[in-house]
Amino acid sequence: MGVGLKSQHPSLRKERINLEQVWKRILPLAAGISFALAMTLKLWGMILVSNFYYQGLHLDIYASKVTGDLDELNILNHYIGMMNINSSLPEFKWIPYVFGIILVLCLMMAILPSIKVLISGTLLVLIGLGIMGGDFYYRLYQYGHNFDPTAAIKVPGFTPKIIGHYQLANFDVTTNLGLGGYMIILGVILLFAAIYNTVRLSRKTRSRVS
Amino acid sequence: MNKLKLGRNAVMAIILIIGLLIGLVGCNAKTPTNTTNQAAAGTPAAWVAPGQLDTHYMFASGGQSGNLIVWGIPSMRILRQIPVYNVYAPTGFGFTPETKKMLGDKTWGDVHHPIASQTQGAYDGKFIWVNDKANSRVAQVDLNRFETTQILDIPNMVGFHCLTTDPESKYLFCATEFSLPIAEGQKNAYAPLQNYTGEYYGIITALKTNRDKVQPGQPGQVSISYQLLAPPYEYDISSAGKGAADGLVFFTNYNSEMATSDIEKNSTTLPLDLTLVVDYNAAQKLADAGTYDQVVNGVKIIDPRKHPGIAYLLPIAKNPHGVDVSPDGKWIVYSSKLDPVVTIISTEKLKKAIASKNFEKTTWGLPVLKEADLQEAQIQVGVGPLHTQFDDQGYAYTSLFVESAVTKWQLGSWKVIDKQPVNYNVGHVAVPGGDSMKPFGHWLVALNKASLKRFLPVGPSYPVSEQLFDISGSSKMTLVNETPSEREPHYASIFPANLIKPISVYPKDESRPNSIWSEDKAKIVRNGNQVTVYMLTIRSHFKPDTIEVNQGDHVTIYLTNIEQQPGMTHGIGMSGYNINVPADPGQTVQVDFTADKPGTFPFYCTNFCSAMHEEMAGYFLVKPKS
């Protein structure tokens, strides 16, 4: 790479550096777009298939709602005393705000793409995502353990896998991230790429100065 | 003509012999019955593997069961019984106030002629209309819900055999089987039989379907438009014209002799019977203009003798039974019960004769057409022809009752192509769309009146049979399936499956009057001695599940099944009060009764809904009067 650069015309090299300067802003911006898409797309989903429910019962989690065959799932779940699954959980109110903060952070990083801003911004984004992820896992645990003691059928507690395939009573369960979930991962990768790019660029600039 | 007469004598002899043979078979159980019949039933053409769907629906009359029976073709599996004229607990028909009102005081109906609603002459899969021959009623069956949504009593008629509709299904037509006197305020009016020719009338009824005003699932709005007086013959089949014959409706009848006793003998003396042809547009125009001759029991009655241009008489060979119009309307096919021929009348010649008033004479005040001038062909189809249906390849299929066979013949060439035996005594045949302008062909079901030894013996009351033929081949018809059936499967309409699009659950409609959709809305409201219960069901409980009233209270339960899972039907069955009302997912049903018996009455879910179905029960308590 270095050898290649040396052989290039100085004006070309300048252009390349300018391009890299642009990348510094594009990457955090792209991360922001990824998070924005994640905010509207399905984050996580579950499909339960049985002989009777041959078309599968779907449960889809979004940032602000849960959709799918909720009526049927709740009817089935009430036999084991599971809490009602619906969009009235407080998470669906505050998680969009966390997403909002993450978007603002990404925008800030795009405007001021210094190493400091990028690293601290990314850290804050990761904290936000960690809060959401932790809460999600907590809810999965809670729904799989806090059963109404008066329920007709007693089952041992369980926590669904985030991504996987397993058997739950007569159901064949498949869980997976939705497109939105993958957008979050992409956003994080883009942020790391932005940090990497900026660190590399500053080293280069430094070596040119010295 | 002489030659023909000789032929008829010979045929009468054949009828006699075959009649004797049938008698022998009936008397002597040891007589082999399958000697002339195919053993090919159950070939792969009719095989529908488990989990696979049939390609066609057949809506067949369930005869005196009062039901319309829905079959899958080609498997011949019964998919559904739709109650029309009788109480049917599995769907709660006759247990809810509206179905009780529809049925009235009758406990049976003779379901005869289910006909399919049409648009531009093709089956549209929206409605079935079906008559009750015994009690002169017409019902509308909604194919969006597979349920009866209207039963209409037709005054001035006692018994009618058949129903027919025009290509746009704006109208239905039917004709009385038993001519009777008509009188205000009476269904079965009196007049001495000596006065038969003067005081007895055949009645033709034209009904308006008003189908455009009816949303899916809403009550039918079929209404009587007018009635026509007709000669006091006994009317059989009615068949509305289409295509070239649009605007005409054809009736067959026997007993032009107007015999009133020993009818079997006395109604067969004439070689030709006078069948009726009606220009229904002309008649409707009069009715719409408010021109009619009398009003009896609320129905405008037009006497066609006073209004030329409405009705004509067409002589047809001996006791004609079926009349069927070819898909393009060019040919009217009459089947003569006691003559081994079908007579083809040319619509073009018929219209010309009417226009030029080329009449032979006047009988009963109506012009009689010259049959010989209108006849296109007579086809020797076999003994005892009854009914004809058509396929999409230009072939016609005529049932032969006496001969127990179906004859395939070609329109235009008038050649007989094939004849296959059936088991036994076939009445109607049904081809998908076979009575419309757009037949679909491929299958033919013979609706037989006897099964003899085709099925395991079940005692002296035999089932009848329905047999499926594959008619997709160019010449030979092949028997591919058969099934026993309720007696009797009179007529059937067969649809390609994609034409029928029923709902799978009742949609959740929170604005529906008296429905509740959440447990906190469940309540019992007392207003004087009227107790109204707003109840819901969901796996696996009723809410409320305890109802306590005082003896003598009138109780109304509005039960909403708040489920949306297809097939998750619940029901409320209560011992001691003769109550069973199922509620399909999303449906609100009503139960109405007076709590006149004191005591404790458990009620339970009558549809096995879940593992905790048995636990789905409650108590209805009636406090005794002190």
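Rules used in this analysis
- Residues numbered from 1 in each chain as written.
- Chains lettered and ligands numbered in written order.
- Predicted model: local features only at pLDDT ≥ 70, side-chain atom pairs only at ≥ 80, totals over all residues.
- Heavy atoms only, no water.
- Contact = heavy atoms within 4.5 Å.
- Buried area = accessible area lost by both parts, 1.4 Å probe.
- Salt bridge = Lys/Arg side-chain N within 4 Å of Asp/Glu carboxyl O.
- Polar contact = N/O pair within 3.5 Å; in protein donor to acceptor, adjacent residues only side chain to side chain.
- Nonpolar A, V, L, I, M, F, W, Y, C, P; charged D, E, K, R; others polar.
- Helix = DSSP H or I, 4+ residues; strand = E, 2+ residues; numbered from the N terminus.
- Expected span 1.5 Å × (residues − 1).
- Buried < 20%, exposed > 50% of the residue type's maximum accessible area, 1.4 Å probe, protein only.
- Patch = residues over 30% accessible without salt bridge, like charges linked within 9 Å, V, L, I, M, F, W, Y side chains within 5 Å.
- Areas by Shrake-Rupley, 256 points an atom, 1.4 Å probe, with all protein chains shown as cover.
- Domains from an automatic or database assignment.
- Lys, Arg positive; Asp, Glu negative; His and termini not counted.
- Pairing = 2+ DSSP bridges.
- Axes fitted to C-alpha atoms, helices over the stretch in contact; angles between N-to-C directions.
- Core = buried A, V, L, I, M, F, W, Y, C linked by side-chain atoms within 4.5 Å.
- Phe/Tyr/Trp six-rings, centres within 6.5 Å; stacked < 30°, edge-to-face > 60°.
- Lys NZ or Arg CZ within 6 Å of the ring centre and 35° of its normal.

**Q** Is there a simple way to think about the interface of chain A and chain B in this case?
**A** Often, the extent of an interface is quoted as the loss of accessible area upon association of its parts. Of the residues lining the interface, eight residues belong to chain A; the matching set on chain B comes to eight residues. Roughly 680 Å² is buried in total at the junction of chain A and chain B, and carbon and sulfur atoms are behind 57% of that figure. Among the residues of chain A in contact with chain B, Glu72, Ile75 and Tyr79 of chain A are the three that bury the most area, contributing 57% of the side total. Inspection of the chain A/chain B interface yields one salt bridge. With a shortest N-O distance of 2.7 Å, Glu72 of chain A and Arg539 of chain B are connected by a salt bridge. There are five residue pairs in polar contact (both at pLDDT 80 or more) connecting chain A and chain B. Residues belonging to the side of chain A that touches chain B are distributed by class as follows: six nonpolar, one polar and one charged.

**Q** Looking at this model, I keep getting lost on helix 4 (residues 91–111) of chain A. Mind explaining?
**A** Given 3.6 residues per turn, any residue in an α-helix points the same way as the ones three and four places further on. The end-to-end C-alpha distance of helix 4 of chain A is 30 Å, a good match for the 30 Å that 21 residues give at a rise of 1.5 Å each. All buried positions along helix 4 of chain A are accounted for by Glu91, Phe92, Ile95, Pro96, Val98, Phe99, Ile102, Leu105, Cys106, Met109 and Ala110 of chain A.

**Q** Sorry if this is basic, but what is going on with a nonpolar patch on the surface here?
**A** All names here are of chain A. Residues Leu29, Ile33, Leu37, Leu107, Ile111 and Leu112 make up a contiguous nonpolar surface patch of about 550 Å² in total accessible area. Where the nonpolar patch is concerned, the elements lending two or more residues are helix 2 (10–40) and helix 4. Here the nonpolar patch gets three residues from one element, more than from any other, and that element is helix 2. Relative to the helices and strands, Leu37 resides in helix 2. Residue class for Leu37 comes out partly exposed when judged on its relative accessible area of 37%.

**Q** What is the right way to look at the domain arrangement of chain B in this model?
**A** All names here are of chain B. As far as domains go, chain B holds domain 1 (2–28 + 45–499) and domain 2 (519–623). Taking only C-alpha atoms into account, the centre of domain 1 sits 43 Å from that of domain 2. The interface of domain 1 with domain 2 comprises nine residues on the first partner and seven residues on the second. Roughly 600 Å² of surface becomes buried between domain 1 and domain 2 when both sides are summed, with 54% attributable to carbon and sulfur atoms. Per-residue buried area on domain 1 facing domain 2 is highest for Phe95, Thr96 and Pro97; these three make up 61% of the total on that side. Where domain 1 meets domain 2, there are zero salt bridges. Summed over the shared surface of domain 1 and domain 2, the result is one residue pair in polar contact (both at pLDDT 80 or more).

**Q** Just checking my understanding: could you explain the side chain of Asp324 of chain B for this structure?
**A** All names here are of chain B. Within the secondary structure layout, Asp324 lies in strand 19 (residues 320–325). Lys242 provides the closest opposite charge to the buried, salt-bridge-free Asp324, at an N-O distance of 7.2 Å. From its side chain, Asp324 meets the backbone nitrogen of Thr388 in a polar contact 3.0 Å long. The residues contacting Asp324, other than those within four sequence positions of it, are Ser239, Trp331, Ile332, Val333, His387, Thr388 and Phe390.

**Q** Got a minute to help me understand the sheet that holds strand 29 (residues 426–430) of chain B in this structure?
**A** Sheet strands pair via backbone hydrogen bonds, and the direction of the pair is either parallel or antiparallel. Residue and element names in this part refer to chain B. The four strands are arranged 29-30-31-32 in an open sheet whose pairing can be described as antiparallel. Single-partner strands in this sheet number two, and they are strand 29 and strand 32 (478–485). The average angle at which neighbouring strand axes cross in this sheet is 20 degrees, direction not considered. Of the strand pairs in this sheet, strand 29 and strand 30 (residues 443–448) are connected by three bridges, and their pairing is antiparallel. Within strand 30, the position partnered with Val429 by the bridge is Ala446.

**Q** Whenever I open this one, the pairing of strand 2 (residues 67–73) of chain B confuses me. Can you help?
**A** On any regular strand, side chains alternate: one points to one face of the sheet, the next to the other face. All names here are of chain B. Among the seven residues in strand 2, seven count as buried, and that is most of the element. Residues of strand 2 alternate between two faces, with Asn67, Ile69, Trp71 and Ile73 on one and Leu68, Val70 and Gly72 on the opposite face, all of them buried. Note that strand 1 (residues 56–61) and strand 2 share six bridges and pair antiparallel. In the sheet register, Ser61 faces strand 2, and the bridge partner there is Leu68. Pairing of strand 2 with strand 3 (residues 77–83) involves six bridges; the strand directions are antiparallel. Bridge assignment links Val70 to a residue of strand 3, and that residue is Arg80.

**Q** How do you make sense of the nonpolar core when you look at a structure like this?
**A** The nonpolar side chains of soluble globular proteins are, as a tendency, buried together. Residues and elements named next belong to chain B. Judged by nonpolar contacts, the single largest core of 48 residues is most densely connected at Phe173, Tyr226, Phe251 and Leu276. Of the residues forming this core, the biggest block, five residues, is contributed by strand 10 (residues 171–178). Excluding its chain neighbours within four sequence positions, the residues that come into contact with Phe173 are Cys162, Leu163, Thr164, Thr205, Ala206, Tyr226, Ser238, Ala240, Val249, Phe251 and Tyr280. Counting 28 residues, the second-largest nonpolar core is a separate cluster that includes Phe542, Val549, Ile557 and Ile572.

**Q** Looking at this model, I keep getting lost on the packing of aromatic side chains. Mind explaining?
**A** What characterises a pair of aromatic rings is the spacing of the ring centres plus the angle enclosed by the ring planes. All names here are of chain B. Applying the stated criterion to the full structure yields 26 aromatic pairs over all chains. Ring geometry for Tyr123 and Phe495: centres 4.8 Å apart, planes at 45 degrees, overall tilted. One end of the pair, Tyr123, is in strand 5 (residues 122–132); the other, Phe495, is in strand 33 (residues 492–496), and 372 residues separate them in sequence. Neither Tyr123 nor Phe495 differs from the other in exposure class; each is buried. Here Lys523 stacks its cationic end above the ring of Tyr534, 5.3 Å away from the centre of that ring.

**Q** Looking at this model, I keep getting lost on the side chain of Thr149 of chain B. Mind explaining?
**A** Residues and elements named next belong to chain B. Among the structural elements, Thr149 can be located in strand 7 (residues 147–153). The class of Thr149 is buried, set by a relative accessible area of 8%. Apart from the residues lying within four places of it in its own chain, the contact partners of Thr149 are Met102, Gln140, Asp142, Gly217, Gln218, Pro219 and Gly220.

**Q** I tried to follow the pattern of salt bridges on my own but got confused; where do I start?
**A** Opposite charge on two side chains permits pairing when their charged atoms draw close. Residue and element names in this part refer to chain B. Per the stated rule, a full pass over the model turns up 15 salt bridges over all chains. Here Arg77 ties to Asp54 by a salt bridge, and the two come within 3.2 Å at their closest N and O atoms. Here Asp54 lies in the loop between helix 1 (2–27) and strand 1 and Arg77 lies in strand 3, a separation of 23 residues in the sequence. Judged by relative accessible area, Arg77 falls into the partly exposed class, the value being 34%. Residue Asp54 is classed as buried on the basis of its relative accessible area of 13%. As a salt-bridge pair, Lys349 and Glu376 come within 3.0 Å of each other at their nearest N and O atoms. Here Glu376 lies in strand 24 (residues 375–380) and Lys349 lies in helix 6 (residues 347–355), a separation of 27 residues in the sequence.

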